[in-house]
Amino acid sequence: MLGDITIGQFFPGDTVVHRVDPRVKLVLTVLYIIAVFMVRSVVGYGLLLLCVLAIARMSKVPFKYIMKGLKPILFICIFTFTLNIFFTKGENLIFEWKFIKIYKESLINAVYFALRLVFLVIGTSLLTLTTSPMALTDGLERLLKPLKKIKFPVHELSMMMSIALRFIPTLLEETDKIMKAQIARGADFESGNIFERAKAMIPLLVPLFVSAFRRADELAMAMESRCYRGDVNRTRMKTLKMEKRDYTAIALSFVVLALVIVERSVL
């Protein structure tokens, strides 16, 4: 299960998707999220699926690898689907048994909410898989640069997000090591009901938190010993510059968003 988490991991490559400006990728991700929440029909989700498949094909990231990241949220999707299908009222009753009533509207909403979670995870995974943490930091910092005028800690926020993304694979690896060590000592994380499994995770979480705090302290001491002062007199090895492919990507994203708006108003 831990190896199925793809958010925060970077898939190296030299494709056109990898070379797109990180600022553009962040803006496109926001537009993509807006489109996901605006879609209300099969046609709209089909359009978004075609976009995702096209981006995955151009980035040369295996689509199976992207879909593997959906396994950790499978329970959340099922839980969301169940809540919407049983606790949402409608007008067209399609199934009734004792106190259980399922309406056509609740079934449609349940499917759409589950699909939204799936598409959100796929979209954010594509962002992190095709963009290195340092590029994401630079892109986010440049996008939030106007907030510096109101004394907003733009660089510090960008750095924290970059460190958080960078440490996701490290913490997953540490969790896997601790879990294997606990299993070797007789721990059981598979059997029992959901409450027993949650209780069995306590011996795993305690050393994981200790390790995470130790790594955070070591990182802070390393940055302080190197006289790190945030954005003060900081220079960049690579200067972000918009190119033709970036403007093309923005134009195509607005076309897709416009099609989603038209689809929402027509269907």
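Our structure's up above, just so we're on the same page.
Residues numbered from 1 in each chain as written. Predicted model: local features only at pLDDT ≥ 70, side-chain atom pairs only at ≥ 80, totals over all residues. Heavy atoms only, no water.

Asks: What is the right way to look at the pattern of salt bridges in this model?
Replies: Opposite charge on two side chains makes pairing possible when the charged atoms of those side chains draw close. Scanning all chains against the criterion turns up 6 salt bridges. Of the charged contacts in the structure, one is a salt bridge between Arg 215 and Glu 174, with a shortest N-O distance of 3.1 Å. You can see Arg 215 sitting in helix H10 (residues 202–225) and its partner Glu 174 sitting in helix H8 (residues 154–184), a full 41 residues away along the chain. (Salt bridge = Lys/Arg side-chain N within 4 Å of Asp/Glu carboxyl O. Helix = DSSP H or I, 4+ residues; strand = E, 2+ residues; numbered from the N terminus.)

Asks: I'm lost on helix H7 (residues 133–143) in this one. Help?
Replies: Owing to its 3.6 residues per turn, the α-helix brings residues three or four apart onto one side. Looking only at H7, the buried set comprises Leu 136, Thr 137, Asp 138, Gly 139, Leu 140 and Glu 141. In this fold, the buried residues of H7 make contact with helix H2 (22–38), helix H6 (104–129) and H8. (Buried < 20%, exposed > 50% of the residue type's maximum accessible area, 1.4 Å probe, protein only. Contact = heavy atoms within 4.5 Å.)

Asks: Any chance you could explain the environment of Ala 187 here in plain terms?
Replies: Following the sequence through the fold, Ala 187 ends up in the loop between H8 and helix H9 (194–200). Ala 187 sits in the partly exposed class, given a relative accessible area of 29%.

Asks: Hey, could you run me through unusual backbone geometry in this one?
Replies: Only a minority of non-glycine residues have a phi that is not negative, and only a minority of peptide bonds are not trans. Within the chain, Lys 60 stands out as a residue other than glycine whose phi angle is a positive 60°. For Lys 151, which is not glycine, the phi torsion reads 65° and is therefore positive. Of note, Lys 151 is situated in the loop between H7 and H8. A relative accessible area of 73% places Lys 151 in the exposed class.

Asks: Can you walk me through the packing of aromatic side chains in this structure?
Replies: A ring pair, where both rings are aromatic, is described by two values, the distance of the centres and the angle of the planes. Evaluation of the coordinates by the stated rule reveals 4 aromatic pairs. Their ring planes at 40° and their centres at 5.5 Å tell us that Tyr 45 and Phe 119 sit as a pair that is tilted. With a gap of 74 residues between them, Tyr 45 in helix H3 (residues 42–59) and Phe 119 in helix H6 connect regions that are remote in the sequence. Each member of the pair, Tyr 45 as well as Phe 119, is classed as buried. Linked through ring pairs, Tyr 45, Tyr 112 and Phe 119 together constitute an aromatic cluster. (Phe/Tyr/Trp six-rings, centres within 6.5 Å; stacked < 30°, edge-to-face > 60°.)

Asks: I keep staring at the nonpolar core and nothing clicks. Help me out?
Replies: One finds Tyr 32, Leu 48, Ile 66, Leu 70, Phe 119, Ile 122 and Leu 126 to be the most contacted residues of the largest nonpolar core, which totals 23 residues. Elements with a minimum of two residues in this core: H2, H3, H6 and helix H11 (244–266). Element by element, the count of residues in this core is highest for H6, at 7 residues. In contact with Phe 119, other than residues within four places in its own chain, are Tyr 32, Val 36, Tyr 45, Leu 48 and Leu 49. (Core = buried A, V, L, I, M, F, W, Y, C linked by side-chain atoms within 4.5 Å.)

Asks: Which parts of the structure should I look at to understand the environment of His 155?
Replies: Locating His 155 in the fold gives a position in helix H8. Among the residues examined, His 155 registers a relative accessible area of 1% and is labelled buried. For the pair His 155 and Leu 165, spaced 10 residues apart in sequence, the C-alpha to C-alpha distance is 15 Å.

Asks: What am I meant to see in helix H5 (residues 74–87) here?
Replies: The terminal C-alpha atoms of H5, which comprises 14 residues, lie 20 Å apart, in line with the 20 Å expected from a rise of 1.5 Å per residue. Every buried residue of H5 is listed here: Cys 77, Thr 80, Asn 84 and Ile 85. For H5, the angular spread of the buried residues around the axis is 120°, confining them to a single face. Among the exposed residues of H5, those pointing more than 90 degrees away from its buried face are Phe 75 and Phe 87. Looking at the packing, one finds that the buried side of H5 touches strand S2 (100–103) and H6. (Expected span 1.5 Å × (residues − 1). Arc of directions from axis to C-beta.)

Asks: In this structure, what is going on with the pairing of S2? I would like to understand it.
Replies: Two faces make up the sheet, and in a regular strand the side chains alternate between them. Looking at chain direction, strand S1 (residues 93–97) and S2 are connected through 4 bridges and run antiparallel. Bridging from a neighbouring strand, Trp 97 pairs with Ile 100 of S2. (Pairing = 2+ DSSP bridges.)

Asks: Any chance you could explain the environment of Ile 100 here in plain terms?
Replies: Along the polypeptide, Ile 100 turns up in strand S2. Separated by 13 residues in sequence, Ile 100 and Phe 87 place their C-alpha atoms 9.4 Å apart. Residues contacting Ile 100, with those up to four places away along its chain left out, are Phe 86 and Phe 95.

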